[in-house]
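# Working through the structure, step by step
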Amino acid sequence: MPGQKVYIFDTTLRDGEQVPGCKLNTTEKIEIALALEALGVDIIEAGFPISSPGDFQSVHEIGKVVKNAVVCGLSRAVQKDIEVAAEALQSAKRKRIHTGIGTSDYHIKSKFNSTREDILERAAQAVKWARNFTDDVEFYAEDAGRTDNEYLARVVEAVIAAGATTVNIPDTTGYCLPHQYGEKIAFLVNNVRNIDKAVISCHCHNDLGLATANSIAGVISGARQIECTINGLGERAGNTSLEEVVMVIKQHSTLGYYTDINAKQLNPLSRLVSDTMRMPVQPNKAIVGANAFSHSSGIHQDGFLKDAQTYEIINPEEVGADGSKIVLTARSGRSALAHRFQKLGFMYNRNDIDVLYEQFLKVADRKKEVGDEDLQGLAHQYQERA
Ligand code: KIV
Ligand code: ZN
């Protein structure tokens, strides 16, 4: 496989499940965890064990059934949280504790009523404590997106010295622009002693619709793990969408990165998560939306029918989608109409299509979408008049 690997850390079952109404039971979580493993994710964040007995149980049960992926449990930088996460993860073959604390001045002053020095100390202590239970410890600097870079670098250096093997730089509020997030990662790469001892991870939220762009900017600057969710689910406007970052990396392979994701599973898994969480996918969602491979305007349909690549950069089969769709609307042209008639078994010449097109437009102006039964009706009327 050419290039450098980008690890995919899926947090659908933790950050994604924080969406109101998306709560899952243990059986549902196990089904999704197994599907995530089959998809090829490297790390599955299974939950936040101290948050409830149900979440503890889910993490524990997922740990029993997942074979290859690392199973991760979240904790605050609090000894008891870390111990409970470690206990829940006892069943896992490969386990990671994800611990951390807010590092922006908003968090330090408003949430913790504390000081930068105290937070730095608590961060390092939490990582040291977690290392008593596993060699795989990830530290998150919550609200790193709005944390002063010099201070963030000191925190990251301290947690690496304390034993963190992955350092997560969350843009918790989805605040950063891609160049700012990229510069933040580059700053850490260039200013933190022993940064090469840890994997830098991007964890971006989508409040400004920039989570995917920010994660990719982070990778280009040196991060090698992306935290993401299926369908981009997550608090408020969501997290980075797994299917988007995976396909950006695949489409732009010349950037020199790859993931181990089996892209053919992306659409089936999107549907499983949407159905299980009872959360519909927006139709225009990239890669997995119902319209991601639909063409409805005449200009696009004509180009697509001559060569699919004119208007599609991804073959729908590559991502397990049902296939490209030509939707007939009042914006459609003659070539799409002729193509659909042909699929229905009606072989019309140019003159026939000219006449039928006028009738088609009348139907199309009345309806949002013209269906096969409408076309059959038009064909029938045309035959009767002939
Ligand atoms: O968005 C965030 O900062 C988080 C952390 C808990 C990792 O989800
Ligand atoms: Zn988050």
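Residues numbered from 1 in each chain as written. Chains lettered and ligands numbered in written order. Predicted model: local features only at pLDDT ≥ 70, side-chain atom pairs only at ≥ 80, totals over all residues.

In plain terms, the rule: UniProt positions are given in the numbering used here, feature names are shortened, and annotations may be inferred rather than shown by experiment.
Naming follows an unreviewed UniProt entry, where the protein chain appears as 2-isopropylmalate synthase of Paraflavitalea soli. As recorded by UniProt, the Pathway (unreviewed entry) comment attached to the protein chain reads in full: "Amino-acid biosynthesis; L-leucine biosynthesis; L-leucine from 3-methyl-2-oxobutanoate: step 1/4." Taken from UniProt, the Sequence similarities (unreviewed entry) comment for the protein chain reads in full: "Belongs to the alpha-IPM synthase/homocitrate synthase family. LeuA type 1 subfamily."

### Observations concerning the sheet that holds strand β2 (residues 7-10)
Quick reminder of the rule: Whether two strands pair comes down to DSSP finding at least two bridges between them. Secondary structure elements follow DSSP: runs of H or I of four or more residues count as helices, runs of E of two or more count as strands, with numbering from the N terminus. Note on method: axes are straight lines fitted to C-alpha atoms, helices fitted across the in-contact stretch only, with angles between N-to-C directions ranging 0 to 180 degrees. What counts as a contact is two residues whose backbone-derived C-beta atoms lie within 7 Å of each other.
With respect to topology, 8 strands assemble into a closed barrel ordered β2-β3-β4-β5-β6-β7-β8-β9, the strand pairing being parallel. With direction set aside, neighbouring strand axes in the sheet form an average angle of 25 degrees. Together, β5 (95-102) and β6 (137-142) form the strand contacts of helix α5 (residues 116-130), whose direction differs from that of β5 by roughly 170 degrees.

### Regarding helix α9 (residues 242-251)
The cut-off we apply is this: Burial in this document is a count-based property: other C-beta atoms within 10 Å of a residue's C-beta are tallied, and the residue is buried at 20 or more, exposed at 12 or fewer, or partly exposed in between, with C-beta positions derived from the backbone.
Within α9, 7 of the 10 residues are buried, which leaves it mostly tucked inside the rest of the structure. Within the sequence span of α9, burial applies to L242, E243, E244, V245, V246, M247 and I249. For α9, the elements touching its buried residues are β2, α8 (211-220), β9 (225-228), β10 (257-258) and α10 (266-277).

### With respect to the UniProt feature "domain: Pyruvate carboxyltransferase" (unreviewed entry) in the protein chain
Those residues carrying the UniProt feature "domain: Pyruvate carboxyltransferase" (unreviewed entry) are residues 6-267 in this numbering. The span residues 6-267 is 42% helix and 18% strand, and its two end C-alpha atoms sit 21 Å from each other.

### Regarding unusual backbone geometry
We note that N113 has phi near 45 degrees; this positive angle belongs to a residue other than glycine. Mapped onto the elements, N113 comes out in the loop between α4 (105-111) and α5. For N194, which is not glycine, the phi dihedral falls at a positive 65 degrees. Mapped onto the fold, N194 is located in the loop between α7 (178-191) and β8 (199-204).

### Quick look at the pairing of strand β4 (residues 70-76)
Across a regular strand the side chains alternate sides, sitting on one face of the sheet and then on the other. Note the cut-off: We call a crossover right-handed when, viewed with the strands running away from us, the connection from the first strand over the helix to the second turns clockwise.
For β4, the buried fraction is high: 7 of the 7 residues fall into the buried class. Here β4 shows no split at all, with V70, C72, L74 and R76 on one side and V71, G73 and S75 on the other all buried. Where strand β3 (residues 43-47) lies against β4, 4 bridges are found, and the strand directions are parallel. Bridging across to β4, E45 finds its partner in C72. On the question of chirality, the crossover connecting β3 to the parallel β4 by way of helix α2 (residues 53-65) is right-handed. Examined bridge by bridge, β4 and β5 share 6 bridges and lie parallel to one another. Bridging from a neighbouring strand, L74 pairs with H98 of β5. Crossover connection from β4 via helix α3 (residues 79-88) to parallel β5: handedness right-handed.

### With respect to helix α12 (residues 334-343)
Note on helix geometry: an α-helix contains 3.6 residues per turn, so any two residues three or four positions apart are oriented the same way. Buried within α12 are the following residues: A336, L337, A338, R340 and F341. Contacts made by the buried residues of α12 are with α11 (298-306), β12 (325-326), α13 (350-366) and α14 (372-385).

### As for the packing of α12 against α13
In a pair of packed helices, the angle between the axes and the distance between the axes together describe the arrangement. To be explicit about the condition: To sort the angles, those under 35 degrees are grouped as roughly parallel, those over 145 as roughly antiparallel, those from 65 to 115 as roughly perpendicular, and the leftovers as oblique. Think of it as three bins: nonpolar holds Ala, Val, Leu, Ile, Met, Phe, Trp, Tyr, Cys and Pro, charged holds Asp, Glu, Lys and Arg, and polar takes everything else, Gly as well.
Running from N to C, α12 and α13 point in directions that differ by 100 degrees, and their axes come no closer than 10 Å. Taken together, α12 and α13 sit at an angle that is classed as roughly perpendicular. For the pair α12 and α13, the contacting residues are R334, L337 and A338 in the first and I353, L356, Y357 and F360 in the second. Considering only residue class, the contact of α12 with α13 consists of 6 nonpolar, no polar and 1 charged.

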